[in-house]
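Next come the chains, spelled out residue by residue.
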There are 2 protein chains.
Amino acid sequence: MKTQLHVKMNEALYLRNPESTILGKNILKQSIILIHKSGFENFTFKKLAELIGTTEAGVYRYFENKHKLLVYLTAWYFAWIEFKIMFHTNNMSNPVFRLMRVISLLSETVGDDLQTEYIDESLLHQIIIAEGSKAYLTKQVGDDNKQQFFKPYKDLCAVISKLILDCNPAYKYPKSLASTLIEMAHFQKFFMNNLPSLTDFSATKNDSDIVAFLTDLVCRSLSIKNSEASF
Amino acid sequence: MKTQLHVKMNEALYLRNPESTILGKNILKQSIILIHKSGFENFTFKKLAELIGTTEAGVYRYFENKHKLLVYLTAWYFAWIEFKIMFHTNNMSNPVFRLMRVISLLSETVGDDLQTEYIDESLLHQIIIAEGSKAYLTKQVGDDNKQQFFKPYKDLCAVISKLILDCNPAYKYPKSLASTLIEMAHFQKFFMNNLPSLTDFSATKNDSDIVAFLTDLVCRSLSIKNSEASF
DNA sequence: TACAAATAATAGCAAAACTATCATTTTTTA
DNA sequence: TAAAAAATGATAGTTTTGCTATTATTTGTA
């Protein structure tokens, strides 16, 4: 039996816990597929219901609206990334190596190592790249934040910023550098695939180039010798 | 008489040129006010029409839909920023100083130096921070890009990346660093005001902190001594 | 003055974004 | 195992959004 990862979600994100029923799990699973396919703007609860074989009202019993669903998926993703980071760097003693590993984990295409039956992590990763910012780039960001909807993002940022300080305690902007890493791991990948002239990776379209860019950025910012960081 | 800035826009962005008529200029002016006030998701052509004192159909004669309008505003903003950069750095011979100036121009609250009668640049700047990414984070990004809708963004990125190479011809990631600067000038400001724990500027809420962060990032990436950059 | 262009006024439609009701099925638990 | 509770399905209906079409009127211009 495989170890199953379970993420405890903020209860204010849903009306009925989608993880507690088959229909709920189906809503999560198929919404990821549908948002990935049609984009968040063209995604509706009606289309989702048809895909699942339930009714619109059925979906509304779980999520108040599609914005809450997106915030839910985003929160799940960041909690999952944080767990992944813990899992893959726990045994590393050198903070520089750990930070380099974090950059890979943020930038590289998701494998199938830590699976959840009803969530396709690889698709979710792609959704977050293209739609994740829309979870907080809204007028309600203040209210949503008060309800702790973005806690997983902030927690991840805190973990990375602590790691940054472990590498260089004198560095002045650990949190901003952490959020820059997270955002740029996503944006550079989006640009690489969709607006390539905004990046230097148009020719290769290779994740490892993004890793190299972010690694360079961090190493220089923290005065880490590149030789010290490679292994 | 003041020098009036005129930005030549991509004709595929509109149905009828909004700059050619009073109603069109009003659509631009009031849409900026309304999007700023209610956010892009809650913004509709009907509400805009009511605000202006025209009809919904009247607005539709100028813009196909609200997405095109947002792309128009985004394109206008980036063309304007590029002009501003040219204008304010033209007389500077030292590329490092120029680059530092660019960081300020990207990050700092917009003053009223280069004005256009029907566009409130300060409000537009705030809109771009919160809504700008939505112009390209869509399923149609490929089509929109083929129609050159994002040319002003790419041009700005090209200008900055050239400047980066002027400072350090050996630097490997000029375009990605340029797009990182542009995006982070916006995102760090959004975070500072709305999700402060993702930044190191929660206490001050001061633009100059963002400038300091980005300056540090760039100087270290390009091996520029901070003393060399300050003036 | 007449001609074209732009605008206003109005109507209407399809889809999206919900809410409500009630019957039926499934699950829980007393 | 029967009764209560919870979840689902089926259906219907409302308001708003997003968009198109038509016709009349105004405004600018040759």
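Bear in mind the structure is a predicted one, so any value in this text is a computation, not a measurement. (Residues numbered from 1 in each chain as written. Chains lettered and ligands numbered in written order. Predicted model: local features only at pLDDT ≥ 70, side-chain atom pairs only at ≥ 80, totals over all residues. Heavy atoms only, no water.)

Focus: the protein's contact with DNA strand C
Thinking step 1. Residues in contact with DNA strand C amount to 16 residues; listed here are only the nearest, Glu56(A), Tyr60(A), Arg16(B), Thr54(B) and Tyr62(B).
Thinking step 2. Of all DNA strand C atoms lying within 4 Å of any protein atom, the proportion belonging to sugar or phosphate reaches 52%.
Thinking step 3. Between DNA strand C and Tyr60(A), the relevant distance is 3.1 Å, taken from a sugar or linking oxygen to a side-chain nitrogen or oxygen of the residue.
Thinking step 4. Looking at the surface near DNA strand C element by element, the count peaks at 3 residues for helix H3 (residues 56-60) of chain A.
Thinking step 5. A breakdown of the residues in the surface near DNA strand C according to their chemical character gives 5 nonpolar, 5 polar and 6 charged. (Near = heavy atom within 4 Å. Polar contact = N/O pair within 3.5 Å; in protein donor to acceptor, adjacent residues only side chain to side chain. Helix = DSSP H or I, 4+ residues; strand = E, 2+ residues; numbered from the N terminus. Nonpolar A, V, L, I, M, F, W, Y, C, P; charged D, E, K, R; others polar.)

Some words on the nonpolar core
Thinking step 1. Counting 171 residues, the largest nonpolar core has Tyr136(A), Ile160(A), Tyr136(B) and Ile160(B) as the members making the most contacts within it.
Thinking step 2. Looking at this core element by element, the count peaks at 13 residues for helix H4 (residues 66-89) of chain B.
Thinking step 3. Beyond its immediate stretch of four places on either side in the chain, Tyr136(B) contacts Phe187(A), Phe190(A), Phe191(A), Leu195(A), Val141(B), Phe150(B), Tyr153(B) and Glu183(B). (Core = buried A, V, L, I, M, F, W, Y, C linked by side-chain atoms within 4.5 Å. Buried < 20%, exposed > 50% of the residue type's maximum accessible area, 1.4 Å probe, protein only. Contact = heavy atoms within 4.5 Å.)

Brief notes about the interface of chain A and chain B
Think of interface size as the accessible area that goes away when the parts come together; that is how it is often given.
Thinking step 1. Each partner contributes to the interface: chain A provides 50 residues, whereas chain B provides 50 residues.
Thinking step 2. Carbon and sulfur atoms supply 64% of the area that chain A and chain B bury against each other, a total of about 4,200 Å² over both sides.
Thinking step 3. Considering only the side of chain A, the residues that lose the most area to chain B are Leu137(A), Tyr173(A) and Leu198(A), jointly responsible for 15% of the buried surface there.
Thinking step 4. Across the chain A-chain B interface, the total number found is 0 salt bridges.
Thinking step 5. The interface formed by chain A and chain B contains 18 residue pairs in polar contact (both at pLDDT 80 or more).
Thinking step 6. Breaking the side of chain A that touches chain B down by element, the ones donating at least two residues are helix H1 (22-38), helix H6 (121-131), helix H7 (141-146), helix H8 (151-167), helix H9 (174-194) and helix H10 (207-221) of chain A.
Thinking step 7. Per-element accounting of the side of chain A that touches chain B gives the leading share, 13 residues, to H9(A).
Thinking step 8. Considered class by class, the residues forming the side of chain A that touches chain B number 23 nonpolar, 14 polar and 13 charged. (Buried area = accessible area lost by both parts, 1.4 Å probe. Salt bridge = Lys/Arg side-chain N within 4 Å of Asp/Glu carboxyl O.)

Comments concerning the protein's contact with DNA strand D
Thinking step 1. Near DNA strand D you find 15 residues, and of these Thr54(A), Arg61(A), Tyr62(A), Glu56(B) and Tyr60(B) are the closest.
Thinking step 2. Close to the protein, within 4 Å, the atoms of DNA strand D are drawn from sugar and phosphate at a rate of 53%.
Thinking step 3. Interatomic distance of 2.8 Å between a side-chain N/O atom of Thr54(A) and a phosphate oxygen of DNA strand D.
Thinking step 4. Counting residues per element, the surface near DNA strand D draws most heavily on helix H3 (residues 56-60) of chain B, which supplies 3 residues.

Regarding the environment of Phe149(B)
Residue and element names in this part refer to chain B.
Thinking step 1. Relative to the helices and strands, Phe149 resides in the loop between helix H7 (141-146) and helix H8 (151-167).
Thinking step 2. By relative accessible area, which is 2% here, Phe149 ends up buried.
Thinking step 3. Sequence separation of Phe149 and Tyr173 is 24 residues, and the distance between their C-alpha atoms is 24 Å.
Thinking step 4. If we ignore the near neighbours within four places in the chain, the residues touching Phe149 are Asn10, Ala12, Leu13, Lys68, Val71, Ala75 and Asp144.

Notes on the layout of surface pockets
Unfilled space is identified by rolling a water-sized probe across the atoms.
Thinking step 1. The space that makes up the largest pocket amounts to roughly 550 Å³.
Thinking step 2. Residue lining of the largest pocket: 25 residues in total, with Phe40(A), Glu41(A), Phe40(B), Glu41(B) and Lys66(B) positioned closest to the centre.
Thinking step 3. Those elements that provide at least two residues to the lining of the largest pocket are helix H4 (66-89) of chain A together with H4 of chain B.
Thinking step 4. Of the residues in the lining of the largest pocket, the class split is 4 nonpolar, 12 polar and 9 charged. (1 Å grid on protein atoms, 1.4 Å probe; cavity = no way out; pocket = protein on both sides within 12 Å on 5 of 7 lines; lining within 4 Å. Points joined across faces, edges and corners; volume = space filled by probe spheres on them.)

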